[in-house]
Amino acid sequence: MTNVEQLQQAGLIQTHNPLTPEEVETVNALSSAEVEALISVKAKLGDSFFQRKVKDGDGHRLGTLLV
Amino acid sequence: MEETSTNSQRLRTIIALTSGGLTARIHEFWTHPRLGDLYPEFLFGLYGIVVASTPLIRHAGVEAEKLASADPLARLLAPYLQEHAEEETGHEEWLLEDLATLGFGREQVLHRLPYTSVSSLVGSQYYLAAHVHPVAMLGYLAVLENPAAPEFLEEVAHRNHLPIESFSTLLKHARLDVGHVAEFDHMLDTLQFTQKQRDIMTMSAISSVSYLEAFFEEVLEHFNRADDEHWANSIFHYGSRQSPIQASRAEALRANEAAGQLALK
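Here is what the cut-offs are and how they apply
Residues numbered from 1 in each chain as written. Chains lettered and ligands numbered in written order. Predicted model: local features only at pLDDT ≥ 70, side-chain atom pairs only at ≥ 80, totals over all residues. Heavy atoms only, no water. Helix = DSSP H or I, 4+ residues; strand = E, 2+ residues; numbered from the N terminus. Buried < 20%, exposed > 50% of the residue type's maximum accessible area, 1.4 Å probe, protein only. Areas by Shrake-Rupley, 256 points an atom, 1.4 Å probe, with all protein chains shown as cover. Axes fitted to C-alpha atoms, helices over the stretch in contact; angles between N-to-C directions. Parallel < 35°, antiparallel > 145°, perpendicular 65-115°, else oblique. Left-handed = near helix turned anticlockwise from the far one by under 90°. Contact = heavy atoms within 4.5 Å. Nonpolar A, V, L, I, M, F, W, Y, C, P; charged D, E, K, R; others polar. Phe/Tyr/Trp six-rings, centres within 6.5 Å; stacked < 30°, edge-to-face > 60°. Lys NZ or Arg CZ within 6 Å of the ring centre and 35° of its normal. Arc of directions from axis to C-beta.

Caption draft 1: Up close: the overall build of chain B. Along chain B, the regular secondary structure elements total 15 helices and zero strands. Within chain B, the fraction of its 265 residues that count as buried is 54%. Counting only carbon and sulfur atoms, one obtains 56% of the accessible surface of chain B, whose full area is about 12600 Å².

Here it is as structure tokens:
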């Protein structure tokens, strides 16, 4: 089973909200420890649709935070 | 499958993939209808993170130094982290000044306990640096060091009738850190990681995204509780703060009322 399939099974990648081919490549190249980390924090990868949508507009101006 | 991406491209892709919820919360925060009133509450939350920056990064630098003789990556990380810790020194004072321009004194800020999401975000990094590997700090920095654009911050201040002076910390970072993300990524691309070190850095970035999302949820939750009588006094409102003149009038009124009650007795 690929990482993408594993994360889909865990409900972290929404099937109605597919990843780009580059993202699929990155996700499938993650180590098992990295996949485990994603599952443990329940990181919803499908939500990146919103992130991309904002980024394509003016969302990049929002930043994250700072230290 | 053989990877062709650089260290930074790989890490940025993972952060972007996992930041959907965080970006949604940040968007919700900056466009909140009561941002003008509750912006100080956000600054208070942010203070909790920023006050820990220098000690945390320095701690990771010390841990890297301990490993340096047997670990090539730690040998490179130690001076980088020590230098970076110095760069962050005193930024918490900027935040105290920003809060002061909104009418909140140092004592009020220091009196409050930090958000639990802040202690989780920062505390987890102390743990990772001390008990796993200080390379974790790179995942944390990659997530947090991403300031908003200056023109966006100026527009937010204007739209919400907030004094631009109260944005000095955010604006200084936005202006001084131009190219900072690119420099950080370049540094990342010069490093050689073992698989385990890369796993630790990714895990740190993923958990930082998660805790940061919890931080923005906590800020927004405070916004929602602002009108609740029980919580109102512990939340920093800008709209309800009193100017020194208003405060002295209120004090005089209270003194008159007290005098009146005494006279009635």
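After that view, the rundown keeps rolling.
Caption draft 2: Main features of the packing of helix α3 (residues 35-50) of chain B against helix α13 (residues 195-225) of chain B. All names here are of chain B. Packing of α3 against α13 leaves a shortest axis separation of 10 Å and a crossing angle of 140°. Classified by the angle their axes make, α3 and α13 are oblique. For the element pair α3 and α13, the recorded crossing hand is right-handed. Residues Leu35, Leu38, Tyr39, Glu41, Phe42, Gly45, Leu46 and Ile49 of α3 lie in contact with α13, whose contacting residues are Leu212, Phe215, Phe216, Val219, His222 and Phe223. By residue class, the composition of the contact of α3 with α13 is eleven nonpolar, two polar and one charged.

Caption draft 3: Local environment of unusual backbone geometry. Phi at histidine 161 of chain B takes a positive value of approximately 55°, unusual for a residue other than glycine. In this fold, histidine 161 of chain B is placed in the loop between α10 (150-159) and α11 (168-176).

Caption draft 4: Quick peek at the packing of aromatic side chains. Residue and element names in this part refer to chain B. Under the counting rule described, the total for this entry stands at 15 aromatic pairs over all chains. Summarising the aromatic geometry, the rings of tyrosine 39 and phenylalanine 167 are spaced 4.4 Å apart at their centres and angled 10° between planes, so their arrangement reads as stacked. Of this pair, tyrosine 39 sits in helix α3 while phenylalanine 167 sits in the loop between α10 and α11; the two residues are 128 residues apart in sequence, bridging distant segments of the chain. The class for tyrosine 39 is buried, based on a relative accessible area of 0%. Between the aromatic rings of phenylalanine 215 and phenylalanine 216, the centroid separation amounts to 5.2 Å while the plane-to-plane angle is 80°, which identifies the pairing as edge-to-face. One Lys or Arg, arginine 112, reaches over the ring of phenylalanine 236 and ends 4.8 Å from the middle of that ring. The side chain of lysine 172 reaches across the aromatic face of tryptophan 94, ending 4.3 Å from its centre.

Caption draft 5: The arrangement of helix α3 (residues 32-40) of chain A in detail. Listing the buried residues of α3 of chain A in full gives Glu34, Val35, Ala37 and Leu38 of chain A. In an axial view of α3 of chain A, the angular spread of the buried residues amounts to 155°, which keeps them on one side of the axis. Residues of α3 of chain A that are exposed and point over 90 degrees away from its buried face: Ser32, Glu36 and Ser40 of chain A. Structurally, α3 of chain A contributes buried residues whose contacts are with α1 (3-9) of chain A together with α1 (7-18) and α13 of chain B. Positive phi shows up at lysine 42 of chain A, right after α3 of chain A, with a value of about 55°.

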